[in-house]
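# Observations on chain architecture
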Amino acid sequence: MKFFIDTANIDEIRQAADIGVLDGVTTNPSLISKEKGKFEDIIRQICEIVDGPISAEVVATDAEGMVAEGRKLSEIHKNIVVKVPCTVDGLKATKKLSSDGIGVNMTLVFSPSQALLAAKAGAMFVSPFVGRLDDISHYGMQLVEQIVSIYNNYDYDTEVLVASVRNPLHLVDAAMMGAHVATMPFKVIEALVKHPLTDIGLKKFLEDWEKVKGR
Ligand code: G3P
């Protein structure tokens, strides 16, 4: 399973990359808006830190505009994956960009039918937003289960990228369902490693080692 970080914050990306388990980065216009500097410069910097798929989102809403923006973004670095929203125009743009060999991450996916369309259009990744579904009393992870089984039925190459991850259980469920990727905020990556019994156990080992050291 691949781990992506869902942020445009350079410090967080560096910290996550240092752990050694980071495979890629996802950004979106809201995440970019929280950081200082030009969009292209932030994306370029991220590409220098992480050697893996880096999602950068288009903001045009018509297919032609999305394709033009996508092409421009893909020129920043070979690892750029163009994030395109799941709309009719988004599907048209996905088909075009994918046919031209540019990777697309179809975003804002909230239903299995949207995910099926994303795969048919040739998206490299599909991003179901699980946390936002949970927020409105729908089981976000149920959507992931449906997408994984639909994709398996037809052997689609599109990878399921679980997004809007809010806690470690989203990640564990995603892994059990066989999702290919999860993108997480830095605080969720930190939470994955934490266990009080690990802390208590380590403290005790170190205390006991003090008794051995004096021998
Ligand atoms: O990058 C897309 C997605 O992960 C956003 O998450 O927390 O804004 O719903 P969130």
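Preceding this section is the structure that the text describes.
Anyway, here's the lowdown on the structure attached to this text.

Calculation notes
Residues numbered from 1 in each chain as written. Predicted model: local features only at pLDDT ≥ 70, side-chain atom pairs only at ≥ 80, totals over all residues. Heavy atoms only, no water. Near = heavy atom within 4 Å. Polar contact = N/O pair within 3.5 Å; in protein donor to acceptor, adjacent residues only side chain to side chain. Areas by Shrake-Rupley, 256 points an atom, 1.4 Å probe, with all protein chains shown as cover. Nonpolar A, V, L, I, M, F, W, Y, C, P; charged D, E, K, R; others polar. Core = buried A, V, L, I, M, F, W, Y, C linked by side-chain atoms within 4.5 Å. Buried < 20%, exposed > 50% of the residue type's maximum accessible area, 1.4 Å probe, protein only. Helix = DSSP H or I, 4+ residues; strand = E, 2+ residues; numbered from the N terminus. Contact = heavy atoms within 4.5 Å. Phe/Tyr/Trp six-rings, centres within 6.5 Å; stacked < 30°, edge-to-face > 60°. Salt bridge = Lys/Arg side-chain N within 4 Å of Asp/Glu carboxyl O. Pairing = 2+ DSSP bridges. Right-handed = clockwise from strand over helix to strand, strands pointing away.

Every residue lining the ligand is accounted for by Asp-6, Asn-28, Lys-83, Phe-129, Arg-132, Ala-163, Ser-164 and Arg-166. With respect to the ligand, the side chain of Asn-28 contributes an N or O atom lying 3.1 Å from an oxygen atom. Ser-164 is positioned such that a nitrogen or oxygen atom in its side chain is 2.7 Å from an oxygen atom of the ligand. Protein contact buries 83% of the 310 Å² of open area that the ligand shows by itself. Taken together, the residues of the shell around the ligand sort by class into 2 nonpolar, 2 polar and 4 charged.

Another aspect to go through is the nonpolar core. Core analysis: the biggest nonpolar cluster contains 58 residues, and Val-160 and Val-162 have the highest contact counts within it. Broken down by element, the residue count for this core peaks at 6 residues, all from helix H8 (residues 140-154). When neighbours within four sequence positions are excluded, Val-162 is seen to be in contact with Pro-128, Val-130, Val-144, Ala-174, Ala-179, Val-181, Ala-182 and Thr-183. Counting 7 residues, the second-largest nonpolar core is a separate cluster that includes Val-81, Phe-125, Leu-161 and Val-181.

On to the packing of aromatic side chains. Geometry of an aromatic ring pair is reported as the spacing of the ring centres plus the angle between the planes. Tallied over the full model, the rule gives 4 aromatic pairs. Pairing Phe-110 with Phe-129 gives two aromatic rings, centres 5.6 Å apart and planes at 70°, and the pair type is edge-to-face. Of this pair, Phe-110 sits in the loop between strand E5 (104-109) and helix H6 (112-120) while Phe-129 sits in the loop between strand E6 (125-128) and helix H7 (130-135), and the two are 19 residues apart along the sequence. A residue is classified by how much of its surface remains accessible, and Phe-110, at 31% relative accessible area, is partly exposed. An angle of 70° between the planes, with centres 5.7 Å apart, marks the rings of Tyr-151 and Tyr-156 as edge-to-face. An aromatic cluster of at least three residues, connected via ring pairs, comprises Tyr-151, Tyr-154 and Tyr-156.

In total, this model carries 10 salt bridges according to the counting rule given. Between Asp-100 and Arg-71 there is a salt bridge, and its shortest N-O distance comes to 2.8 Å. Highlighted residues: Asp-100 in the loop between helix H5 (88-99) and E5 and Arg-71 in helix H4 (residues 63-74), separated in sequence by 29 residues. Under the relative-accessibility criterion, Arg-71 is labelled partly exposed at 34%. Measuring nitrogen to oxygen at the nearest pair gives 3.3 Å for the salt bridge that ties Lys-213 to Glu-210. Remark: Glu-210 and Lys-213 occur in helix H11 (residues 196-213); sequence separation between them is 3 residues, near one turn of the helix. When salt bridges with common partners are traced through the structure, they connect Arg-71, Lys-96 and Asp-100 into a single cluster.

This brings us to the side chain of Thr-7. Inspection of the secondary structure puts Thr-7 in the loop between strand E1 (2-6) and helix H1 (10-19). Taking relative accessible area as the criterion, Thr-7 reaches 5% and is therefore assigned buried. Of the polar contacts made by the side chain of Thr-7, one reaches the backbone nitrogen of Asn-9; its length is 3.0 Å. In this view, Thr-7 contacts Glu-12, Ile-13, Val-25, Thr-26, Thr-27 and Leu-31; residues no more than four positions away in its chain are not counted.

Okay, the pairing of E5 next. Burial analysis of E5 places 5 of its 6 residues in the buried class, the great majority of the element. Bridge analysis of strand E4 (residues 80-85) against E5 gives 4 bridges, and the strand direction is parallel. Counted as the bridge partner of Val-82 is Val-104 from E5. Handedness of the β-α-β unit built from E4, H5 and E5 comes out right-handed. As defined by bridge partners, E5 adjoins E6 across 3 bridges and the pair is classed as parallel. The residue bridging Val-109 from the neighbouring strand is Pro-128, located in E6.

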